[in-house]
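In case you want the letters, here they are:
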Amino acid sequence: TVTNEELLKLALCCNRCGTCRGVVQDSVPDVAFSLQCPSGMTFFGSYEPSGLMYLARGIAQDVLSWNEDLARVLFSCTMCGYCDDFCQRGYRHTPALTILEELRRRVPDSFKPKALQKAAESIVVPKDHCLGILEEYGIVDISDGRGPETIFFPDPTILQNPSKLREIGFLFKKSGMNVGCCIKRPLPPVSATLINGGFRELLEECGREIDNRLRQMGIQQVVVYHPETLSVLKRFSRSGASFISLTRFCADLMKKKRPKKLKLPAVTYQDPCHLGRYSKEYAAPREIIQMLGLTLKEMWRAGKNALCCGAGGGVLTGNPTLAKKYAATRWHEAVATGARIMITACPFCFANMNGTKPKAFKVMDITALVAQAYGYTGKEVTK
């Protein structure tokens, strides 16, 4: 628990220099590309990183009390982490994410978006989950004992998504690796939703169960599809296991077993915040795109300077209209590249960008492209 004194000390690290508002370069190709914070560039003032730090100071000093207006400002932030990451590149570091996560923990439930509160229930594994599909591809159920030292960790977005599970199962089978998964008794399907909604205690409770079971099963490596689940496990797990993205798994697989090249128009790539900025995985998706034989046209804001798609921080869940407004800014930049396809490695990026795309564009999931390159059609005989 962070005390008021500690919160104030953290917030006072910000000297309101303003540089985290945008990408600092000598020149900007388009004024629309000059800013970085989705909520700040949309609303300005209190919605910018420095404004949120003022909010933290007011809460810490008891001169501000929570109400609907303050909560709306806080939950308009996508928690993309750019301000925190950028600040670390300078002479001073304001731990913005730590501050924002603490503020979300403190917001009374009555002011939290109802959709985010409901999403916290997603840690309960649905009885009609589809994980049994993985066994068709040789993935071993290790719910009741030890097995392979590498396992797949299903996140909330795929528990009831048979097509994506078949796709992932196909890739594991293609790798020839001995991979396990807790199928009959799944691990708690945590994600950043618990942090976004301020349910830190619930996340810690789930984390303890996950760590205990990983240790008991002797797990050394965990492969994760959803970047928001990956970043949470990397940050909070004390199990001793290593956590890698499915994107990195695919990149390594492709280096060993070269797939066929794909014939597609030029593509651009949307860096998911939780894969790139949180988990520091910028290389794997670009390695995959190159090995697929595709022409990559990067957006001006890419890699460390990538702009959030607008879905993060629970915005897509709690305020989908606002998430779409944020996405429009990103599409302006994507169209400027001359590409025809946007590739991403995050189901939330996919959902928000696909729901707002121009007619001439397609949005494609990188896992689906890899599977396609290995010949996956969805009709394979699995046994």
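Description of the structure in this document. Note that the structure is a prediction, hence the values are computed from the model and not measured.

A word on the overall build of the protein
Link 1 in the chain: From N to C terminus, the protein includes 17 helices and eight strands.
Link 2 in the chain: For the protein, the C-alpha radius of gyration of 21 Å lies close to 21 Å, the compact-globule estimate for 383 residues.
Link 3 in the chain: Taken along its principal axes, the extent of the C-alpha atoms in the protein is 65 × 50 × 35 Å.
Link 4 in the chain: Out of the 383 residues belonging to the protein, those deemed buried represent 56%.
Link 5 in the chain: Of all intrachain contacts in the protein linking residues separated by at least 6 positions in sequence, the fraction that spans at least 24 positions is 78%.
Link 6 in the chain: For the protein, the exposed surface amounts to about 16600 Å²; the carbon and sulfur share of it is 51%.
Link 7 in the chain: In the protein, 51 side chains carry a positive charge and 36 a negative one; their mean positions are 6 Å apart.

Remarks on the environment of methionine 79
Link 1 in the chain: Position of methionine 79 among the secondary structure elements: in the loop between helix H4 (68–74) and helix H5 (82–88).
Link 2 in the chain: Separated by 17 residues in sequence, methionine 79 and alanine 96 have C-alpha atoms that sit 9.2 Å apart.
Link 3 in the chain: The residues touching methionine 79, leaving out its near neighbours within four places in the chain, are Leu97, Leu100, Glu101, Arg104, Asn196, Tyr278 and Gly313.

Focus: unusual backbone geometry
Link 1 in the chain: Residue arginine 16 is not a glycine yet carries a positive backbone phi of 55 degrees.
Link 2 in the chain: With respect to the helices and strands, the residue arginine 16 is situated in the loop between helix H1 (4–11) and helix H2 (38–43).
Link 3 in the chain: For arginine 16, a relative accessible area of 39% gives the class partly exposed.
Link 4 in the chain: Positive phi, normally seen in glycine, also occurs at phenylalanine 44, with a value near 65 degrees.

Comments concerning the pairing of strand E6 (residues 267–270)
Link 1 in the chain: Of the two faces of E6, the one holding Val267 and Tyr269 and the one holding Thr268 and Gln270 are both buried throughout.
Link 2 in the chain: In this sheet, strand E7 (residues 341–344) lies alongside E6 in parallel orientation, the contact comprising four bridges. Paired with tyrosine 269 across the strands is isoleucine 343, a residue of E7.

Examining the pattern of salt bridges
Link 1 in the chain: Counted by the stated rule, this structure contains 24 salt bridges.
Link 2 in the chain: Across the pair arginine 235 and glutamate 101 runs a salt bridge, and its minimum N-O distance is 2.9 Å. In this pair, arginine 235 sits in helix H11 (residues 227–236) while glutamate 101 sits in helix H6 (residues 96–106), placing the two residues 134 residues apart along the sequence.
Link 3 in the chain: The partner of aspartate 252 in a salt bridge is arginine 248, and the shortest N-O contact between them spans 3.1 Å. With aspartate 252 and arginine 248 both in helix H12 (residues 246–256) and four residues apart, this pair spans about one turn of that helix.
Link 4 in the chain: Taking the relative accessible area as the measure of exposure, aspartate 252 reaches 32% and is therefore partly exposed.
Link 5 in the chain: Several salt bridges share partner residues, and in doing so they unite Arg248, Asp252, Lys255, Glu281 and Glu287 into one network.

Thoughts on the sheet that holds strand E5 (residues 242–245)
Link 1 in the chain: Judged by pairing direction, the sheet is parallel, and its five strands sit side by side in the order E1-E3-E2-E4-E5 without closing on themselves. Here the strands that pair on one side only, and so sit at the sheet edges, are strand E1 (140–141) and E5.
Link 2 in the chain: Relative to strand E3 (residues 179–181), strand E2 (residues 150–153) is paired through two bridges, and the arrangement is parallel. Of the residues in E3, the one forming a bridge with threonine 150 is valine 179.
Link 3 in the chain: Its contacts with the sheet put H11 on E2, strand E4 (221–224) and E5, and the angle it makes with E5 is roughly 160 degrees.

Concerning the packing of helix H10 (residues 200–217) against H11
Link 1 in the chain: Two elements in contact, H10 and H11, have axes separated by 11 Å at closest approach and are oriented at 75 degrees. It follows that H10 is roughly perpendicular to H11 by the angle criterion. Residues Arg200, Leu203, Ile210 and Asp211 of H10 touch H11, and the partners they reach there are Val232, Leu233 and Phe236.
Link 2 in the chain: Among the residues making up the contact of H10 with H11, the classes are represented as five nonpolar, no polar and two charged.

Some remarks on the side chain of threonine 367
Link 1 in the chain: Its place among the elements puts threonine 367 in helix H17 (residues 366–373).
Link 2 in the chain: Take threonine 367: its relative accessible area is 2%, and that puts it in the buried class.
Link 3 in the chain: If near-sequence neighbours (up to four positions away) are discounted, threonine 367 is found in contact with Lys164, Glu167, Ile168, Leu171, Tyr225 and Leu246.

So, the state of the cysteines
Link 1 in the chain: Under the defined criterion, the tally for this structure stands at zero disulfides.
Link 2 in the chain: Unpaired in terms of disulfides, cysteine 13 finds its nearest cysteine sulfur in cysteine 87, a separation of 8.2 Å.
Link 3 in the chain: For the unlinked cysteine cysteine 206, the closest cysteine sulfur is that of cysteine 182, found at 14 Å.
Link 4 in the chain: With a relative accessible area of 7%, cysteine 206 lands in the buried category.

What counts as what
- Residues numbered from 1 in each chain as written.
- Predicted model: local features only at pLDDT ≥ 70, side-chain atom pairs only at ≥ 80, totals over all residues.
- Heavy atoms only, no water.
- Helix = DSSP H or I, 4+ residues; strand = E, 2+ residues; numbered from the N terminus.
- Rg over C-alpha atoms; globule rule 2.2 N^0.38 Å.
- Buried < 20%, exposed > 50% of the residue type's maximum accessible area, 1.4 Å probe, protein only.
- Contact = heavy atoms within 4.5 Å.
- Areas by Shrake-Rupley, 256 points an atom, 1.4 Å probe, with all protein chains shown as cover.
- Lys, Arg positive; Asp, Glu negative; His and termini not counted.
- Charge placed at Lys NZ, Arg CZ, Asp CG, Glu CD.
- Pairing = 2+ DSSP bridges.
- Salt bridge = Lys/Arg side-chain N within 4 Å of Asp/Glu carboxyl O.
- Axes fitted to C-alpha atoms, helices over the stretch in contact; angles between N-to-C directions.
- Parallel < 35°, antiparallel > 145°, perpendicular 65-115°, else oblique.
- Nonpolar A, V, L, I, M, F, W, Y, C, P; charged D, E, K, R; others polar.
- Disulfide = S-S within 2.5 Å.

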